[in-house]
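# What the coordinates show
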Amino acid sequence: MLNFCVDQSKFRCTELKGLIDSTNARFVITDAALMEMCQSDRDWERTLRNSLRYLSAVPDRVCFVPGNGDCLKMELRRREPLTLRAMISDQMTIQLQDLLAEVASEQSGSAFRQMAGEIEDANRDAQGEHFDHSHNREQLRDLVEFCRERFPESFLKRLRANKVDENEYIRFVSRCAATATNDSAMSLPTGTLGSLTKSKAYTMRWLWLRVETVTDWLKEGGIESVTPKKVTNTDIDNHYLVVGSYCDRMLTKDQHMLEKDRRLRAALRLKIPWKKAWREV
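Calculation notes
- Residues numbered from 1 in each chain as written.
- Predicted model: local features only at pLDDT ≥ 70, side-chain atom pairs only at ≥ 80, totals over all residues.
- Heavy atoms only, no water.
- Buried < 20%, exposed > 50% of the residue type's maximum accessible area, 1.4 Å probe, protein only.
- Helix = DSSP H or I, 4+ residues; strand = E, 2+ residues; numbered from the N terminus.
- Arc of directions from axis to C-beta.
- Contact = heavy atoms within 4.5 Å.
- Core = buried A, V, L, I, M, F, W, Y, C linked by side-chain atoms within 4.5 Å.
- Salt bridge = Lys/Arg side-chain N within 4 Å of Asp/Glu carboxyl O.
- Axes fitted to C-alpha atoms, helices over the stretch in contact; angles between N-to-C directions.
- Parallel < 35°, antiparallel > 145°, perpendicular 65-115°, else oblique.
- Nonpolar A, V, L, I, M, F, W, Y, C, P; charged D, E, K, R; others polar.
- Pairing = 2+ DSSP bridges.
- Right-handed = clockwise from strand over helix to strand, strands pointing away.
- pLDDT = per-residue confidence, 0-100.

### Structural notes on helix α1 (residues 14-22)
Structural remark: α-helix, 3.6 residues per turn; residues separated by three or four positions point the same way. When we look at burial in α1, the residues that qualify are Leu 16, Leu 19 and Ile 20. The buried residues of α1 occupy an angular sector of 100° when the element is viewed end-on, so they sit on one face. More than 90 degrees from the buried face of α1, the exposed residues found are Thr 14, Asp 21 and Ser 22. On its buried face, α1 sits against β1 (3-6), β2 (26-30) and β4 (249-251).

### Some words on the nonpolar core
The biggest cluster of nonpolar side chains holds 94 residues, and the ones touching the most others in it are Phe 27, Ile 29, Leu 48, Leu 55, Tyr 202 and Trp 208. At 10 residues, helix α13 (residues 202-219) tops the list of elements feeding residues into this core.

### A look at the pattern of salt bridges
Applying the stated rule across the entire model yields 14 salt bridges. Across the pair Lys 10 and Glu 15 runs a salt bridge, and its minimum N-O distance is 2.3 Å. For Lys 10, a relative accessible area of 8% gives the class buried. Judged by relative accessible area, Glu 15 falls into the partly exposed class, the value being 26%. Across the salt bridge formed by Arg 158 and Glu 168, the nearest N and O atoms sit 2.6 Å from each other.

### Focus on the packing of helix α10 (residues 153-160) against α13
At a minimum axis separation of 9 Å, α10 and α13 run at an interaxial angle of 70°. By the angle between their directions, the pair α10 and α13 is classed as roughly perpendicular. Judged by residue contacts, Leu 156, Leu 159 and Arg 160 of α10 engage Thr 215, Leu 218 and Lys 219 from α13. Counted by class, the contact of α10 with α13 contains 3 nonpolar, 1 polar and 2 charged residues.

### Things to note about the sheet that holds β4
Strand order in this open sheet of 4 strands is β3-β2-β1-β4, and the pairing throughout is parallel. Looking at which strands have only one partner, the edges of the open sheet turn out to be β3 (62-65) and β4. Between one strand axis and the next, the sheet turns through 30° on average, direction left out of account. Pairing between β1 and β4: 3 bridges, direction parallel.

### Some words on the side chain of Thr 197
Mapped onto the secondary structure, Thr 197 falls in helix α12 (residues 192-199). Each residue touching Thr 197, except ones within four places of it in the same chain, is listed here: Ala 178, Met 204 and Trp 274.

### Points about the pairing of β1
Remark: a regular strand shows side chains that alternate across the two faces of the sheet. Side chains Asn 3 and Cys 5 project from β1 onto one buried face, and the interleaved Phe 4 and Val 6 project onto a second face that is buried too. Bridge analysis of β1 against β2 gives 3 bridges, and the strand direction is parallel. Within β2, the residue paired with Cys 5 across the bridge is Val 28. For the segment spanning β1, α1 and β2, crossover handedness is right-handed.

### Some remarks on the confidence of the model for the chain
In the predicted model, the chain carries a mean pLDDT of 86, and 90% of its residues have values of at least 70. Predicted confidence is poor over residues 277-281, with pLDDT under 50, and the contacts of this stretch with residues over four places away or in other chains come to 18 contacts.

### Quick look at unusual backbone geometry
Notably, Glu 106 is not glycine yet its phi reads approximately 55°, a positive angle. For Glu 106, a relative accessible area of 68% gives the class exposed. A positive phi angle, close to 55°, is found at Lys 200, a residue other than glycine. In this structure, Lys 200 sits in the loop between α12 and α13.

In structure tokens, the structure reads:
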């Protein structure tokens, strides 16, 4: 069975309807997608119904993956690489499928009533946890400084002059992702991150995207030129992308996301595990 991860931009797209009608694929919905649909306390139900209209025809082919923080904690707690199956929440999938059934029947049953009772608290929590833009940017500063210190100046000069080809870029980011943190810094038993790096687990895919994001910003002058809100939007995009990397395809209209998706998949195809050795490039 094919699996497609659906970005917020694709829920109302005719391409999604075509895939629903022409394949028996499963559609993976992330916590980020529902969070984006339900940001408005006032209009969330209308937005949700319009966005889920196509998928409401096939609720049994829709599944739910929790937020990025939940996935990271799950993998680090287990100390073994997550699979797509392990990421899927059976309980939340059932709740989402109930919601889709009510969208299809144009009814407001128990699923919508439950959401209505929780939406204000959920949005308040999201504002504090996910949409604190300044805090999100501050969280990246250590990684920015790490990259500034470790990136050879010759590489940065060529990067800014658009003289680094994509293969070199992907390998460089992969090496950096393998060195950007350690077991002690994350309070993990010795060898945990080495094992996750070798298997290119969820944690390392997320870190790879963070390093790639910082590399892209350093090319443009650094994090100082990036608005706090853009940092938040990039974090949301990266959650879609890391989940999408477990699927056959990422469905999005965003060309920058498609570029990052292509690069991450190329990194995951590298035959040699991401190396920790650095060399002047």
